[in-house]
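Observations on the model geometry
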Amino acid sequence: MKKNKPGYFLEKEVISRGYNFVAGVDEAGRGPGAGPVVASAVRIPSARVEELIELGVNDSKKLSEKRREALYEEIITTCDYGIGIINNDIIDEINVLEATKLAMVKAINDLMLCDFALIDGTVVLKIPIEQKQIIKGDSKSISIAAASILAKVTRDRIMYNLHEKFPIYHWNTNKGYLTAKHIVAIKKYGITEYHRLSFKRVGK
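All values derive from a computational prediction rather than experimental measurement. (Residues numbered from 1 in each chain as written. Predicted model: local features only at pLDDT ≥ 70, side-chain atom pairs only at ≥ 80, totals over all residues. Heavy atoms only, no water.)

With respect to the overall build of the protein chain
Broken down by element type, the protein chain carries eight helices and five strands. Its C-alpha atoms give the protein chain a radius of gyration of 17 Å, near enough to 17 Å, the size a compact globule of 204 residues would have. Counting over 204 residues, the protein chain shows a buried share of 50%. In the protein chain, the share of contacts with a sequence separation of at least 24, taken over all contacts with a separation of at least 6, comes to 64%. Here the protein chain displays about 10,000 Å² of accessible surface, and carbon together with sulfur accounts for 53% of that area. Computed over 31 positive and 25 negative side-chain charges, the inter-centroid distance for the protein chain is 7 Å. (Helix = DSSP H or I, 4+ residues; strand = E, 2+ residues; numbered from the N terminus. Rg over C-alpha atoms; globule rule 2.2 N^0.38 Å. Buried < 20%, exposed > 50% of the residue type's maximum accessible area, 1.4 Å probe, protein only. Contact = heavy atoms within 4.5 Å. Areas by Shrake-Rupley, 256 points an atom, 1.4 Å probe, with all protein chains shown as cover. Lys, Arg positive; Asp, Glu negative; His and termini not counted. Charge placed at Lys NZ, Arg CZ, Asp CG, Glu CD.)

Right, dumping it as C-alpha cells:
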C-alpha cells in the first residue's frame, strides 16, 4: 500500500482465502435533509489496481470535485460496478440507516458477480455472501475508495439536476445538507417532495 493511500491488501487477503469476486461498498448522502442516499459496489480487475492507485483513487471526501469526476470516468470504464439509490420517501418510511443498508444491497445486486463484500463502516447487510466491515474503509481499501467516488458523484449529479428544478434551496452547493441558506429557504418557501420529512429542521 502506498503511504497515506488506499491499497489492495484487504482484497488480496480475501482472495487468498479462495474468493474470486471481491467488491468494495460505500455510500453517500446519509446526512442531508433532501435527496436520496446512494451506494456503490465496485470490483476492480487485478490488472487495473496499480493504475487506479497511481491515478489517486481515494476517499471521495479527500478529493476535489473535478478530480472525483475524472476518477469516476476511469472507474466506470475499467471496473465492474453497481449502484443503489433509495429516495427520500423510503428514507422517511424506514429511516436513513435502513435505507443505507437497502441501497448497499441494491448496489451489490446490481454488480451481480460478487462473492465477498468489503463494507465501509459498521453496517451489517442481509446478503447471501460473505462480508467484512472496515472502519474508515475508504482510506484503506482501493475498492471501497472507488465505491465512495461513484456514490458521491452519482448523488451530486442527482442534486445538480434537482437544483435546476428548485434553485431556491441551493442544492448545487449544499447537495441537500441543511446549511444555513437551505434552512432559511425551507422556512421561507416550505419543502418539496424531495425533502426528508423525518429529519429534524425539515418537518412537515
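Quick notes on the packing of aromatic side chains
Evaluation of the coordinates by the stated rule reveals five aromatic pairs. On the numbers, 6.0 Å between centres and 65° between planes, the contact of Phe166 with Tyr194 is edge-to-face. Taken together, the residues span a long stretch of sequence, with Phe166 in the loop between helix H6 (142-165) and helix H7 (171-174) and Tyr194 in the segment after helix H8 (180-189) at a distance of 28 residues. The class of Phe166 is buried, set by a relative accessible area of 17%. Grouping aromatic residues by their ring pairs yields a cluster made of Phe166, Tyr169, Trp171 and Tyr194. The ring centre of Tyr72 lies 4.4 Å from the NZ or CZ of Arg157, which sits over that ring. (Phe/Tyr/Trp six-rings, centres within 6.5 Å; stacked < 30°, edge-to-face > 60°. Lys NZ or Arg CZ within 6 Å of the ring centre and 35° of its normal.)

A closer look at the pattern of salt bridges
In the structure shown here, the tally under the stated rule is 11 salt bridges. For Lys61, the salt bridge goes to Asp59, with nearest N and O atoms at 3.1 Å. Residue classification places Asp59 among the buried residues on the basis of a relative accessible area of 4%. When the shortest N-O distance is used, the salt bridge between Arg157 and Glu73 registers 3.4 Å. A residue pair is termed long-range when its members are at least 10 positions apart, and Arg157 in helix H6 and Glu73 in helix H3 (residues 65-78) qualify at 84 residues. Overall, Arg157 belongs to the partly exposed group, its relative accessible area being 30%. Residues joined in a network through salt bridges with shared partners are Asp59, Lys61 and Asp138. (Salt bridge = Lys/Arg side-chain N within 4 Å of Asp/Glu carboxyl O.)

Notes on H3
Along its 14 residues, H3 runs 20 Å from first to last C-alpha, staying within 8% of the 20 Å computed at 1.5 Å per residue. In this fold, the buried residues of H3 make contact with strand S2 (37-43), helix H2 (49-55) and H6. (Expected span 1.5 Å × (residues − 1).)

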